[in-house]
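# Observations on the three-dimensional arrangement
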Amino acid sequence: MIGLAAETTDLRVRREVVSFVRRSNRMRPNQRRAWESYRNRFVIDVPRQQTSTSIHPAASLDLVATFGRDANLIVEIGPGAGESLIPMAETRPQANVLAFEVYRPAIARMLGHLARDGIDNVRIVEADAVAGMQQLVPAASIDEIWMFFPDPWPKPRHHKRRLVTPAFAALAASRMKRGGMWRLATDWADYADWMRKVLDNHAGLIEVPARGGSPRLAERPITQFEQRALDAGRQIFDLAYRRVD
Ligand SMILES: C[S@@+](CC[C@H](N)C(=O)[O-])C[C@H]1O[C@@H](n2cnc3c(N)ncnc32)[C@H](O)[C@@H]1O
C-alpha cells in the first residue's frame, strides 16, 4: 500500500511553520486499547522524515490497495475524533474517505467508533495534511475535501499558521478532480473572510453558490467544537468551492 523509493536524498532538517501545536500523544487506557486493536485496520503506516507527523519525501500511497477498491475519494483534513467524519462517511458508503490528523489520542477515539459502527470506508494517516496531500494524494484524484473548523489562529502574529494559504489552495486544487468540491466551515468571521479571499484568488476554484456563502451541508453534524462556538455566541460560516479549469 505504502511505497518508498529506493533513492532517498533529502534528509535536511527543516523547521517549518505548521498549523498545529505539537502535543503529547499520551493516551488514556481506553484510547490505547482502541489504538492497539484497530490501528492495523484503519491507520496507514507511513515512513517518516524527522518528526512523527512528517512523511518521508519518497513515500507514495496506492489508494486502490489501501481501500481494497477503486472509488470516489473524499479527503478530510483535521477530523479530530471524527465527530463529523464518522456520520458523514457512513452516509457515503460508496466513497473512500482518507483522513489526515496529527493528534493520536483523537485518532484513537475515532478508531473505537469506526470499529463499533462497522464503518469500513475510512482510512487515516497520522500526519500533517500538507505533507499528506503533497506526497500521498495523486493529482486530480479528489472528489471532495472536507475541512471543518481548522484551527483559526486568530492572533495576527499567528496567521502564518493557518492551513488555508495560497500555497495550500494551489496544492489542494491540484489534487481535486475537475468538478470536485472543497467544503469548509469555521466559527471565526475573520478566518471565513480570509478563506474566501485566498480561494477566490485561485483561478481554478469558484465559490458555489457565487459569493453568498454556502448553505450548511445537511449531513454535517454539530460537533462539540461547533457547539462550544455557538454557546460562545459565534456565527458559523460554511463555504464551498468547486474545481474548474
Ligand atoms: C479545531 S479542531 C476541529 C476538529 C474537527 N474537524 C471538528 O470539526 O470537530 C482542528 C483539528 O485539526 C487538526 N490539525 C491541525 N492542523 C493539521 C494538519 N496540518 N494536518 C492534520 N490535522 C491537523 C488538529 O489536530 C485538530 O484535531
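Our structure is the block above this text.
A short tour of the structure in this document, coming up. It should be emphasised that the depicted structure is a prediction, and the values quoted were computed from it without experimental measurement.

Quick look at the pairing of strand β5 (residues 122–126) now. One face of the sheet, then the other: side chains in a regular strand alternate in exactly this way. For β5, the tally of buried residues reaches 5 of 5 residues, placing the bulk of the element in the interior. Both faces of β5 are covered, namely the face carrying Val 122, Ile 124 and Glu 126 and the face carrying Arg 123 and Val 125. Summarising the sheet, strand β4 (residues 95–101) and β5 pair through 5 bridges and their orientation is parallel. Bridge pairing in β5 places Glu 101 opposite Glu 126.

As for its position among the elements, Asp 238 is in strand β9 (residues 237–243). Taking the relative accessible area as the measure of exposure, Asp 238 reaches 12% and is therefore buried. Separated by 21 residues in the primary sequence, Asp 238 and Leu 217 place their C-alpha atoms 8.0 Å from one another. In this structure the side chain of Asp 238 is engaged in a polar contact, spanning 3.0 Å, whose partner is the side chain of Arg 220.

Right, let's talk about the nonpolar core for a bit. Counting 39 residues, the largest nonpolar core has Leu 98, Met 133 and Trp 182 as its most contacted members. With 5 residues, helix α6 (residues 166–175) is the single largest residue contributor to this core. Excluding residues that lie within four positions of it along the chain, Leu 98 makes contacts with Ile 44, Leu 61, Leu 63, Phe 67, Leu 73, Ile 74, Val 75, Glu 76, Arg 123, Val 125 and Val 137.

For helix α4 (residues 104–117), spanning 14 residues, the distance from its first C-alpha to its last is 20 Å, which sits close to the expected 20 Å at 1.5 Å a residue. Along α4, the residues that are buried comprise Pro 105, Ala 106, Ile 107, Ala 108, Met 110, Leu 111, Gly 112, Leu 114 and Ala 115. Its buried side turned inward, α4 meets α1 (29–42), α3 (85–90), β4 and β5. In the stretch just after α4, Gly 118 is the one whose phi turns positive, near 65°.

The subject of this paragraph is the site of the ligand. The environment of the ligand is formed by 18 residues, the closest being Ser 19, Gly 78, Glu 101, Ala 129 and Phe 148. At a separation of 2.5 Å, an oxygen atom of the ligand approaches a polar side-chain atom of Glu 101. Note that a nitrogen atom of the ligand is positioned 2.8 Å from one of the side-chain N or O atoms of Asp 128. For the ligand, the protein covers 92% of the area, taking 600 Å² as the surface of the free molecule. By residue class, the composition of the shell around the ligand is 10 nonpolar, 4 polar and 4 charged.

Okay, the pairing of strand β6 (residues 142–148) next. Most of β6 is tucked away, with 6 of its 7 residues classed as buried. With 3 bridges joining them, strand β3 (residues 72–77) and β6 adopt parallel strand pairing. Considered in β6, the bridge of Ile 74 is made with Glu 144. Pairing geometry for β6 and strand β7 (residues 176–186), over 6 bridges, is parallel. Each bridged residue has a counterpart across the sheet, and for Glu 144 the counterpart in β7 is Met 181. Considered for its hand, the β-α-β crossover made up of β6, α6 and β7 is right-handed.

So, on to the packing of aromatic side chains. Within the structure shown, the criterion is met by 3 aromatic pairs. Each ring, one from Phe 149 and one from Phe 225, has its centre 5.6 Å from the other, and the planes form 55°; the classification is tilted. Of this pair, Phe 149 sits in the loop between β6 and α6 while Phe 225 sits in helix α8 (residues 224–231), and the two are 76 residues apart along the sequence. One cation-aromatic arrangement involves Arg 161 over Trp 153; the distance from NZ or CZ to the ring centre is 4.7 Å. Directly above the aromatic system of Phe 148 lies the positively charged group of Arg 220, at a separation of 5.5 Å from the ring centroid.

Our next topic: the pattern of salt bridges. For the structure shown, the criterion picks out 16 salt bridges. Arg 104 serves as the salt-bridge partner of Glu 126, at 2.9 Å between the closest nitrogen and oxygen. Of the two residues, Glu 126 is situated in strand β5 and Arg 104 in helix α4; the sequence distance between them amounts to 22 residues. Of the residues examined, Glu 126 reaches a relative accessible area of 4% and is grouped as buried. Of the residues examined, Arg 104 reaches a relative accessible area of 24% and is grouped as partly exposed. The partner of Lys 177 in a salt bridge is Asp 143, and the shortest N-O contact between them spans 2.8 Å. On the criterion of sequence distance, the pair formed by Lys 177 in strand β7 and Asp 143 in strand β6 is long-range, its members being 34 residues apart. We classify Lys 177 as partly exposed; its relative accessible area is 26%. Judged by its relative accessible area of 22%, Asp 143 falls in the partly exposed class. Overlapping salt bridges bring together Arg 92, Glu 144, Arg 183 and Glu 219 as one network.

Analysis parameters
Residues numbered from 1 in each chain as written. Predicted model: local features only at pLDDT ≥ 70, side-chain atom pairs only at ≥ 80, totals over all residues. Heavy atoms only, no water. Buried < 20%, exposed > 50% of the residue type's maximum accessible area, 1.4 Å probe, protein only. Helix = DSSP H or I, 4+ residues; strand = E, 2+ residues; numbered from the N terminus. Pairing = 2+ DSSP bridges. Polar contact = N/O pair within 3.5 Å; in protein donor to acceptor, adjacent residues only side chain to side chain. Core = buried A, V, L, I, M, F, W, Y, C linked by side-chain atoms within 4.5 Å. Contact = heavy atoms within 4.5 Å. Expected span 1.5 Å × (residues − 1). Near = heavy atom within 4 Å. Areas by Shrake-Rupley, 256 points an atom, 1.4 Å probe, with all protein chains shown as cover. Nonpolar A, V, L, I, M, F, W, Y, C, P; charged D, E, K, R; others polar. Right-handed = clockwise from strand over helix to strand, strands pointing away. Phe/Tyr/Trp six-rings, centres within 6.5 Å; stacked < 30°, edge-to-face > 60°. Lys NZ or Arg CZ within 6 Å of the ring centre and 35° of its normal. Salt bridge = Lys/Arg side-chain N within 4 Å of Asp/Glu carboxyl O.

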